[in-house]
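Chain by chain, the residues:
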Amino acid sequence: MVSLGAGVHLAAVALPPGSGAGGDRVVLDPVRLRPLAAAVRAAGEALHSGARTVAHALAQVGGPAGWAARLARLGDELDADATMLRRRLALAESADDAERSFAATAAVIAPAVLRAPALLDARPALGTEATSRGETEAVPDTVRAGAAAAAAGRAAARSLLSGVGPAGAGGHPARATDPRAGRRLGSPAGRGAPSASLQEVLGLLGAQAGDPGFIAGFYDALGPTGLAQLLTIVSGRARGPMVNRPALPSGVDRRDAEGVLGRTFAAYTRGRSLDDSWLGRFNTRGRLDHAETVLLTPLLAVGHVDGALLDRLGRLAFGPGIGPPEPGAPAAGRAPAPGQVVGTVLRATADRGYRGALLAAIAAEPALAARFTTRYVEAVLGGAAIAELGLPVAVGLDDATGRAWSGLIAAAGGPAARQADPRGSADFVARLAGAVHAADGPALPLHLRAALVPALRTYREEMYDAVTAVVPGPVSPPAAAPAAREVPVAAWRALLRECLRGGALAGLLGRDAAAYAAGLDERVAGRTRGWNATGGGYPSSPRALGYLRGARAQAFFAGALGDAVDAVLREHAQAGSAHRRRQAVILDLLGTVATSIDPTDPAATFVHLGVGVTVDMVEALMRERYRDVSTVRPAWILAQLREASRVGPQWAAAYEASARQLWARRAGDPLRPIAVTGGDGRRRVYTGDPHTDGYITGPATDFLDTAGSPRPAAAMTPAQRGAYLAWLESPALVANNDRLPILAGAAALGEARIPPDEALRPNS
Amino acid sequence: MRMTIPDEARTTAAGALGAVARTRREVTAALDRVAATGAGAWDGRAAQLWADQMRRLAAEATALLDRCLLVCEQARSGPAGAPTAPGAPPRAIG
């Protein structure tokens, strides 16, 4: 313990030279200082509580409102003093315990000394006065600065609410006798005169925008109702029953004010949980159950508002959607039907600007974008499809809102969302693929088709893994993004087709297919290095299955391209001339991509494919075409492609059947062991026996029946299926498969209906 | 049947007076505790300045609350409802 007799000489060591501090000694007794700090804190609370009571009481009897605000400011001073005392106590105790030097502490906390006057100038307290003399700040600290900043923030807000002006440049608060005293929030001092008070407070808020304590104090004291009033004034909206009357000028530059409020409010939302109760009071009508969310429009575009609040605002604007209930919310009973959700989204008739700003803000929040969008996927696709019908009445999503939703869908499917929220992102892409598949070729606007592309690109590995899997179905151990792994191939195909129908980015998607094939080739080669180092004469290369899977990935893309062309041609035949021009442009683009595909040579495909065309470019091309573009040529190319790319999944089934036969005939035709060097550089011998090779490690992974034959894949558990799949792709089983060369040869000859090169390159 | 509500404003003022009186007691007691525990807890010029400031703060708070009490007292004993609800006659229900 630090006794009075052995006092800690804090001031002498805590202040750097030249800080203006005197050499005054402070001697303290921690045993007595602790209850003092507690008493000061209790007194501060009593004053805050008393200020609220007095405000209420004086309002009832018509007394001056400024008295309560003054009491609250006295409470703020006591809060800051209590913090200062606790800090002194902590420093003294740590010095006593560890006998450590205060030099380092002083270096850290010295900036707070310099900062303190600026933060404290809103109150005429001893703190300000003494700081200039460098005495009570002999032990400066960030805690005290934080409390003082919060108090200054509260004072600034209260000056708006009560009409008492904020601190002037000289550090003296306006008094209750100030001509501005008693004004309501934002009422200009004179008729039509600029409001100096509002300007001053916004200036102060802008200057303290980097100080969380000040911001928290300001918005805490302002409250939701005060904020709503403030935003109403700044935006120049008329209030009250005579809404058609022009609003009084706020006296501040609207853009500047919204910038300051946007930045600081965003910081505030990240530090505070603004719940439904807060939102319910966010209105200028004094109600507890109304949120005038439209007032937030300018703020959403400026700052990075907290995701939880954005989620709440989204639910308020667009309804709950279809998905898990809001955390903590009571069970809402039965989930709404998709039709109901479409209706809710379409009926979201709140201000269009607000909806767009809100959706853009959600899109900028990767941790929220996917989870939020998942709930509305079906509704947005439905709403956009209705709008695309071009009905004479506006029943679909309007263009601006539709584009905002497109931006959100693109963000939700992007890599940032996957990184920030892997599970939400996987759920989103699974739901999106399912919804597109279920919609069965909806007419969607170009921007929405382009917005589907990021999801496909982010999950291209999962998609092509599913497409090229020898055996369909979930496997265990579950890979990352399990929801995305369970998307059926048909749903992936539908999603890819709808993306391609937009024309934009078709080349980029084609590159993904080629890149997947090339990557697979690399991986298989890496796993089976040196397989032919010893003589042996295997019927097949252990890499042959990898080649086939790569070709399958490219053929899948070509097939989807053919489907897209079919759909576009069908639309072309049905549509009017303006529409035909558009379809012809898209066909032209798709034909260009198609001529670049060479399923037998992913690397060449990669080189030939363009990087992609954006929606803007497609729309520009359409605007430039004055007459109908001939579709004969691209249609012919694409028809050839479609015919040639009818590669069914039969090759996978054929391979599986041949592997099973190989295993069944192992008694008469023994499998020849193969030695390969794996990716880890270790030489390993594969025998083809799933037990010996380590694929079956116990009952959980045993995919063989009692007779020793593999069970039907569909009847296996995910763990068994995983082991089975790995065994089917193992070097021994692939290299011993004497049917693989036939399958590969047939593919090369076009008999497996893999697109022949000449069909794709008629000019070459 | 008619039932007349007696002087509503006077009742409100009485409630306000009670609330402010209670607040004054609580605040005064809290500041007294500060004064009591502060003695000997720390020493030096900064401590003296702080103690002076605390005394000024306590005096200001007490004076403010006294003025609040006075306003409430006047509202309670003054003309019926005049300060709070001008032109608000007793409401008749039923």
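Refer to the structure printed above.
About the cut-offs
Residues numbered from 1 in each chain as written. Chains lettered and ligands numbered in written order. Predicted model: local features only at pLDDT ≥ 70, side-chain atom pairs only at ≥ 80, totals over all residues. Heavy atoms only, no water. Core = buried A, V, L, I, M, F, W, Y, C linked by side-chain atoms within 4.5 Å. Buried < 20%, exposed > 50% of the residue type's maximum accessible area, 1.4 Å probe, protein only. Helix = DSSP H or I, 4+ residues; strand = E, 2+ residues; numbered from the N terminus. Disulfide = S-S within 2.5 Å. Salt bridge = Lys/Arg side-chain N within 4 Å of Asp/Glu carboxyl O. Contact = heavy atoms within 4.5 Å. Buried area = accessible area lost by both parts, 1.4 Å probe. Polar contact = N/O pair within 3.5 Å; in protein donor to acceptor, adjacent residues only side chain to side chain. Phe/Tyr/Trp six-rings, centres within 6.5 Å; stacked < 30°, edge-to-face > 60°.

*Asks:* Looking at this structure, I do not really get the nonpolar core. What am I missing?
*Replies:* A general feature of soluble globular proteins is that nonpolar side chains tend to end up buried together. Grouped together as the largest cluster of nonpolar side chains are 112 residues, with contacts concentrated most on F218(A), Y219(A), F265(A), Y464(A) and L500(A). At eleven residues, the largest contribution of residues to this core is made by helix α8 (residues 212-235) of chain A.

*Asks:* Any chance you could explain the state of the cysteines here in plain terms?
*Replies:* One covalent bond between the sulfur atoms of two cysteine residues makes up a disulfide. According to the stated counting rule, one finds zero disulfides over all chains in the structure shown. Free of any disulfide, C72(B) has its nearest cysteine sulfur in C68(B), 6.7 Å distant.

*Asks:* Sorry if this is basic, but what is going on with the pattern of salt bridges here?
*Replies:* It is possible for side chains bearing opposite charge to pair when their charged atoms get close. Residues and elements named next belong to chain A. A full pass over the atoms with the stated rule returns 29 salt bridges over all chains. Of the charged contacts in the structure, one is a salt bridge between R158 and D76, with a shortest N-O distance of 3.2 Å. With R158 in helix α6 (residues 142-162) and D76 in helix α3 (residues 66-98), the pair connects residues that are 82 residues apart, well separated along the chain. Assigned by exposure class, R158 and D76 land together as buried.

*Asks:* Please clarify how the interface of chain B and chain A should be interpreted in this entry.
*Replies:* Many descriptions give the size of an interface as the accessible area lost when the pieces come together. Counting residues at the interface gives 38 residues for chain B and 41 residues for chain A. Summing both sides of the interface, chain B and chain A together bury roughly 3300 Å²; the carbon and sulfur share of this comes to 74%. The interface formed by chain B and chain A includes one salt bridge. Between E60(B) and R70(A) there is a salt bridge; the shortest N-O distance is 2.4 Å. Linking chain B with chain A are three residue pairs in polar contact (both at pLDDT 80 or more), by the criterion used here. Counting residues per element, the ones that place at least two in the side of chain B that touches chain A are α1 (8-38), β2 (42-43) and α2 (45-77) of chain B. Sorting elements by how many residues they give to the side of chain B that touches chain A places α2(B) first, with 17 residues.

*Asks:* Got a minute to help me understand the packing of aromatic side chains in this structure?
*Replies:* Any aromatic ring pair is given by two values, namely how distant the centres are and how the planes are angled relative to each other. Residues and elements named next belong to chain A. Tallied over the entire structure, the rule returns 17 aromatic pairs over all chains. Ring geometry for F372 versus Y376: centroids 4.9 Å apart, planes at 45 degrees, classification tilted. Here F372 matches Y376 in class, with each residue buried. With a centroid separation of 5.4 Å and an interplanar angle of 40 degrees, the aromatic rings of F703 and W727 are classed as tilted. Here the residue F703 occupies a position in the loop between β3 (683-686) and α31 (718-728), and W727 occupies one in helix α31, the gap between them amounting to 24 residues. Each member of the aromatic cluster is reached from another via a ring pair, and the members are F218, Y219, F265, Y268, W278 and F282.

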